[in-house]
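Chain by chain, the residues:
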Amino acid sequence: MKLLTHNMLTSKNMKTVTTGYPLIIQARDVKVMEVEFRAEFISRMIPKIDWECLCRAAEDLGHLNDLPKSVPDNYENDEDFLKKAHHVMLEVEVINGDLICPESSRKFPVTDGIPNMLLNEDEI
Amino acid sequence: MARMKLKELESHLQEVDDFDEPKILLEQYPTRPHIAACMIHTMASSFDDIEDRSILDLGCGCGMLSIGCVMLGAGNVLGVDIDQSALDTCQQNIEAFDIDNIDLVNASVDSVDRVVDGKVDVVVMNPPFGTKHNKGLDMVFLEKGIKLATRAVYSLHKTSTRDHVLKKGEAWGTKPQVLAELRYDLPNTYKHHKKASVDIQVDFIRFQISS
């Protein structure tokens with residue numbers, strides 16, 4: 001599970017949950033891989049993600065490094081920034097662990113990189 | 001970047017592995033490589049909906065459409081499916097193709113728009129058409145897809161349901177356009193039918209999301 005994906009996941013499918021975001025990451029195995037950098041794609045994604053959530057997730061996984069806490073003006077032309085964003089969004093993956101709902105504390109397991117967001121009958 | 005030709009894309013997609021044990025009730029079958037290639041090539045060349053776009057493959061199964069999207073330059077693909085063993089096959093295919101920008105999530109279409117609370121550019125799908133007991137499942141997929149996309153939804157629906165699909169597409173705030181009529185063998189989901197598969201006519205439709 002890439003952090004770009006985590007940035008969009010919520011536990012709002014649970015009937016008792018109002019916001020369910022962000023899901024807290026408790027990772028056991030994290031992998032860093034090389035993903036082809038596409039400046040145009042990253043640039044398009046920046047305004048669509050929750051930057052604070054991305055930073056927090058990166059920090060929890062120990063991969064914050066020198067990622068800026070806020071998106072700089074003129075980010076579209078800042079290749080250095082875009083590369084850092086790319087690294088955190090696409091190159092850091094949670095392989096095994098849990099995503100924890102901040103309201104109900106319900107754990108959603110991540111196994112082999114795939115989060116299981118399916119609920120039991122009584123949670124829907 | 002030279003754009004991959006349709007024939008080349010199709011021959012790559014022929015390498016995508018099938019489901020180990022397809023579940024009839026989930027209507028699991030791989031999208032035919034030829035159809036997947038045509039769909040994705042059209043999305044890319046006619047509508048600029050693939051290169052550097054964020055894409056969600058709803059009901060990704062073994063990953064035929066997702067892999068096709070990556071081959072034509074998608075920025076990132078999120079594959080969603082309810083069946084873990086399908087996702088396992090998809091994962092194996094992703095590794096075999098040495099792909100690094102497809103992420104998978106195990107989720108149900110009923111709640112996918114709450115589980116994935118972020119918009120993607122494009123949603124692509126080959127939805128189940130529904131069995132006797134859950135007819136119209138493709139419309140649930142379509143409704144959810146429309147909620148998740150900011151640019152367009154691409155989907156396949158039985159030609160026999162065209163009027164209904166187009167009307168619903170408009171009611172849900174999109175501008176639908178039938179791009180092509182295709183024909184393929186749909187594995188039969190009715191136990192009492194003698195034939196193993198049934199030949200059906202299918203529309204490939206683009207639903208433009210109204211801004």
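Here, the structure is the one placed above.
So, a few notes on the structure that sits alongside this text. (Residues numbered from 1 in each chain as written. Chains lettered and ligands numbered in written order. Predicted model: local features only at pLDDT ≥ 70, side-chain atom pairs only at ≥ 80, totals over all residues. Heavy atoms only, no water.)

Turning our eyes to something else, we now look at the overall build of chain B. Assigned secondary structure in chain B consists of 7 helices and 7 strands. Seen through its C-alpha atoms, chain B measures out along the principal axes to roughly 50 × 40 × 35 Å. Put simply, chain B has 211 residues, and 55% of those count as buried. For chain B, restricting intrachain contacts to residue pairs at least 6 apart in sequence, the fraction spanning at least 24 positions comes to 72%. For chain B, the accessible surface area stands at approximately 9,400 Å², while carbon and sulfur atoms represent 49% of it. Of note, chain B has its 23 positive side-chain charges centred 10 Å away from the centre of its 32 negative side-chain charges. (Helix = DSSP H or I, 4+ residues; strand = E, 2+ residues; numbered from the N terminus. Buried < 20%, exposed > 50% of the residue type's maximum accessible area, 1.4 Å probe, protein only. Contact = heavy atoms within 4.5 Å. Areas by Shrake-Rupley, 256 points an atom, 1.4 Å probe, with all protein chains shown as cover. Lys, Arg positive; Asp, Glu negative; His and termini not counted. Charge placed at Lys NZ, Arg CZ, Asp CG, Glu CD.)

We now examine the side chain of B:Asn101. Considering the arrangement of structural elements, one finds B:Asn101 in the loop between helix H4 (84-96) and strand S3 (102-106). According to the relative accessible area criterion, B:Asn101 is buried, its value standing at 8%. Here B:Gly75 takes part through its backbone oxygen, which lies 3.1 Å from a polar atom of the side chain of B:Asn101. Contacts of B:Asn101, omitting those with residues within four sequence positions, involve A:Lys2, A:Val35, B:Val70, B:Ala74, B:Gly75, B:Asn76 and B:Val77. (Polar contact = N/O pair within 3.5 Å; in protein donor to acceptor, adjacent residues only side chain to side chain.)

Evaluated as defined, the whole model comprises 4 aromatic pairs over all chains. Members of the aromatic cluster, joined through ring pairs, are B:Phe47, B:Tyr154 and B:Phe204. Directly above the aromatic system of A:Phe108 lies the positively charged group of A:Arg106, at a separation of 4.6 Å from the ring centroid. (Phe/Tyr/Trp six-rings, centres within 6.5 Å; stacked < 30°, edge-to-face > 60°. Lys NZ or Arg CZ within 6 Å of the ring centre and 35° of its normal.)

Turning our attention to the environment of A:Asn116. All names here are of chain A. Of note, Asn 116 is situated in the segment after strand S4 (114-115). Residue class for Asn 116 comes out partly exposed when judged on its relative accessible area of 25%. Once the C-alpha coordinates of Asn 116 and Asp 80 are considered, the two residues, 36 residues apart in sequence, prove to be 34 Å apart. Here Leu 118 takes part through its backbone nitrogen, which lies 2.9 Å from a polar atom of the side chain of Asn 116.

Our focus in this paragraph is the packing of helix H1 (residues 6-13) of chain B against helix H2 (residues 33-45) of chain B. Residues and elements named next belong to chain B. Two elements in contact, H1 and H2, have axes separated by 8 Å at closest approach and are oriented at 135°. By the criterion of interaxial angle, the relationship of H1 to H2 is oblique. The crossing of H1 and H2 is right-handed. Listed contacts from H2 to Leu 6, Leu 9, Glu 10 and Leu 13 of H1 are Pro 33, His 34, Ala 36, Ala 37, Cys 38, Ile 40 and His 41. Broken down by class, the residue content of the contact of H1 with H2 amounts to 8 nonpolar, 2 polar and 1 charged. (Axes fitted to C-alpha atoms, helices over the stretch in contact; angles between N-to-C directions. Parallel < 35°, antiparallel > 145°, perpendicular 65-115°, else oblique. Left-handed = near helix turned anticlockwise from the far one by under 90°. Nonpolar A, V, L, I, M, F, W, Y, C, P; charged D, E, K, R; others polar.)

Contact with chain B, which involves 30 residues of that partner, is made by 27 residues of chain A. Buried surface at the junction of chain B and chain A, summed over both partners, amounts to about 2,400 Å²; 53% is from carbon and sulfur atoms. For the chain B face of the interface with chain A, the top three residues by lost area are B:Asp52, B:Asp100 and B:Asp103, together amounting to 25%. Among the elements of the structure, strand S2 (76-81), H4, S3, helix H5 (112-115) and strand S4 (120-124) of chain B are those that each provide at least two residues to the side of chain B that touches chain A. Counting residues per element, the side of chain B that touches chain A draws most heavily on S3(B), which supplies 4 residues. Looking at side-chain class alone, the side of chain B that touches chain A contains 10 nonpolar, 11 polar and 9 charged residues. (Buried area = accessible area lost by both parts, 1.4 Å probe.)

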